[in-house]
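Structural overview for review
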Amino acid sequence: QVQLVESGGGLVQAGESLRLSCAASGSIFTPNVMGWYRQAPGKQRDLVAVITSRGSTNYADSVKGRFTISKDNAKNTAYLQMNSLKPEDTAVYYCGYSNYFDGGMDYWGKGTLVTVSS
């Protein structure tokens, strides 16, 4: 089992920045992939960014150039630096973890709410 705890969400104005953190604990093995997904009200959960334990990254087109995912393997913690936030970035952000590189996540955190006002 893997436990994930997100932190760092909040209310900001458009153009501001936030940094999310996701601390993983439990049965952590390498290689692995951690990532951030988000779900806006009435919409499906979508990929934001993922990073492997080797440092490879992938981003949704909507956040490229604004968001940066990083990972501290020693702390089993992933980060999402979000700059130039837009109202459309408003969503619950979920952290995910998997030991399989099949496009899905096997474990999820409870989520952290990010609200961007215009």
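Whatever comes next refers back to the structure up there.
Residues numbered from 1 in each chain as written. Predicted model: local features only at pLDDT ≥ 70, side-chain atom pairs only at ≥ 80, totals over all residues. Heavy atoms only, no water.

**Considering the state of the cysteines**
Selection criterion: Criterion for a disulfide: a pair of cysteine sulfur atoms within 2.5 Å. Comment: elements are numbered from the N terminus, with helices defined as DSSP H or I runs of at least four residues and strands as E runs of at least two. The buried label applies to any residue whose accessible area, calculated with a 1.4 Å probe on protein chains only, is under 20% of its type's maximum; exposed applies above 50%, and partly exposed to all values in between.
Enumeration according to the criterion identifies one disulfide in this entry. Residue pairing for C22: its cysteine sulfur links by disulfide to C95, the two sulfurs lying 1.9 Å apart. Because the torsion about its S-S bond is -80 degrees, the bridge between C22 and C95 counts as left-handed. With a gap of 73 residues between them, C22 in strand β3 (residues 18–26) and C95 in strand β9 (residues 91–98) connect regions that are remote in the sequence. Judged by relative accessible area, which is 0%, C95 ranks as buried.

**What to know about the sheet that holds strand β7 (residues 67–72)**
So the rule is basically this: Here a strand pair is declared whenever DSSP counts at least two bridges between the two strands. Here an axis means a line fitted to C-alpha atoms, over the contact stretch when the element is a helix, while the angle between two N-to-C directions is reported on a 0 to 180 degree scale.
With respect to topology, four strands assemble into an open sheet ordered β1-β3-β8-β7, the strand pairing being antiparallel. Looking along the sheet, the strands with just one partner apiece sit at the ends: β1 (2–7) and β7. Put simply, the sheet's adjacent strands are angled 15 degrees from each other on average, direction ignored. Pairing geometry for β7 and strand β8 (residues 77–82), over six bridges, is antiparallel. Across the sheet, residue I69 finds its bridge partner in β8, namely L80.

**Considerations on the pattern of salt bridges**
Test applied: Salt bridge criterion: a side-chain nitrogen from Lys or Arg within 4 Å of a carboxyl oxygen from Asp or Glu.
Overall, the coordinates contain three salt bridges when judged by the stated rule. As a salt-bridge pair, R38 and D89 come within 2.9 Å of each other at their nearest N and O atoms. With R38 in strand β4 (residues 33–39) and D89 in the loop between β8 and β9, this pair connects stretches of sequence that are 51 residues apart. Classification of D89 as buried rests on a relative accessible area of 1%. Here K64 makes a salt bridge to D61, at a shortest N to O gap of 3.1 Å.

**Regarding the pairing of β7**
Remember that side chains alternate between the two faces of the sheet whenever the strand is regular. Judged by which residues are buried, β7 turns out to be one-sided: F67, I69 and K71 face inward and are buried, whereas T68, S70 and D72, on the alternate face, are not. Linking two consecutive strands that pair antiparallel, namely β7 and β8, is a turn of four residues; a positive phi of about 50 degrees is found at N76 within it.

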